[in-house]
Amino acid sequence: MLKRKKKVGKELLSFMLLLFLCMAMPLRPQAASLKKYTNYINKTLAKTYGVASTGTSTRTFSASSNLSWCKTSGVLSVYAADFNNDGTKECVALYITSDSQNGTAGNYLRMATYVTKNGKIKKKQDIALCSFGAKWSVSDIRVYVKTYNKKKYIVIQDFYAVDGRGCTTYILGMTSSGTMQLKLGLYDLYADGLTLSRISSSVNNLCKELKYKKTSTLYSSATGSLRDAKYSSALKKQLKKYGLTLNYTKTYYSNYKDWLIKQTSSNKLLCSIKAKGGFSGTNYYKFTVSISDKTGY
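**As for helix 2 (residues 34-43)**
Residues of helix 2 that are buried include every one of Tyr37, Thr38 and Ile41, and no others. Projected onto a plane normal to the axis of helix 2, the buried residues spread over an arc of 100 degrees and lie on a single side. Relative to its buried face, helix 2 has exposed residues pointing more than 90 degrees away, namely Lys35, Lys36 and Lys43. Along its buried surface, helix 2 packs onto helix 3 (45-49), strand 2 (74-81), strand 3 (90-97), strand 4 (108-117) and strand 5 (120-131).

**Here's the deal with the sheet that holds strand 5**
Pairing within the open sheet is antiparallel, and its four strands lie in the order 2-3-4-5. Only two strands of the sheet have a single partner each, and these edge strands are strand 2 and strand 5. The sheet shows a mean angle of 20 degrees between the axes of neighbouring strands, direction not considered. Judged from the ten bridges that link them, strand 4 and strand 5 form a sheet pairing that is antiparallel. In the strand pairing of strand 5, Leu109 is matched with Cys130. Here helix 2 sits on the sheet and contacts strand 2, strand 3, strand 4 and strand 5; the angle it forms with strand 2, its principal contact strand, is near 155 degrees.

**Side note on the nonpolar core**
Counting residues in each nonpolar core, the largest one holds 41 residues, and the members touching the most others are Leu109, Leu129, Ile154 and Leu172. Setting aside residues up to four positions removed in sequence, Leu109 forms contacts with Leu94, Tyr95, Ile96, Ile127, Ala128, Leu129, Cys130, Phe132, Ile141, Val143 and Ile273. Within the second largest apolar cluster, 23 residues are counted, among which are Phe159, Leu186, Ala234 and Leu269.

**Some remarks on the pattern of salt bridges**
In total, this model carries five salt bridges according to the counting rule given. Where Asp126 meets Arg110, a salt bridge forms, and the shortest distance between an N and an O atom there is 2.9 Å. In this pair, Asp126 sits in strand 5 while Arg110 sits in strand 4, placing the two residues 16 residues apart along the sequence. For Arg110, a relative accessible area of 22% puts it in the partly exposed group. Put simply, Asp188 and Arg165 hold a salt bridge, and the shortest N to O gap is 2.1 Å. On the criterion of sequence distance, the pair formed by Asp188 in strand 9 (residues 180-190) and Arg165 in strand 8 (residues 165-174) is long-range, its members being 23 residues apart.

What counts, and where the lines are drawn
- Residues numbered from 1 in each chain as written.
- Predicted model: local features only at pLDDT ≥ 70, side-chain atom pairs only at ≥ 80, totals over all residues.
- Heavy atoms only, no water.
- Buried < 20%, exposed > 50% of the residue type's maximum accessible area, 1.4 Å probe, protein only.
- Helix = DSSP H or I, 4+ residues; strand = E, 2+ residues; numbered from the N terminus.
- Arc of directions from axis to C-beta.
- Contact = heavy atoms within 4.5 Å.
- Pairing = 2+ DSSP bridges.
- Axes fitted to C-alpha atoms, helices over the stretch in contact; angles between N-to-C directions.
- Core = buried A, V, L, I, M, F, W, Y, C linked by side-chain atoms within 4.5 Å.
- Salt bridge = Lys/Arg side-chain N within 4 Å of Asp/Glu carboxyl O.

The structure is reproduced here in structure tokens:
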């Protein structure tokens, strides 16, 4: 009986000590939830740029103008998750904004990142992911969030075509400070042959091809095609590093196929922006544009 009382006494003492330590420790500010991030974005980013219209539309404009085929602007998608494994949620907002040089709507797809610091939401970064060209006959832009090895990445695959076809693929990862860095960059061009290169770039230069630094050529052939086994093997090998797989399937090229990143349970589509068309008649362009948000914003 005395042993039992002694044991209970030790348990009570341990509990009291633990309670004291918990009360003495400062409370860690909780990161904002998706709802709080969304409310903040509605009062700031969306107040400035509006909310992007989704669905399918047609745009016709003069060939002499410097307009883009995308006439909408505003916030398109909002997604919150723990990107850098710090135990708190960060947030990304994808939005379409006008070109500061000529003021036309819909020239860039941008991404703003947000963190919670000392209980307050703070905008950490604002990156131009890709631009929309007026003379490109086809554009197919898709943004995913990929979960791999307990981390989350933003994945962008951007197809475009004029006389040939080009594609840039970016994988962005978040640092402990809450900023995005380019983890993998690929650039391939299919015109008078086919080349695939690794690129390095500051996230601030993703839209500026002349700022790319080609670190290595992974495939090059004057007569190569997208079905070339060596090309597809080189492409798959790079994306496999982040658990991404590919399907040779139709994109927004209509009758044409390409290597599209596969949407899976661990690779979720956040949004897509697609356009096809081009020069029509004697002095104007005509495009069919499709914009979708998969985050429920």
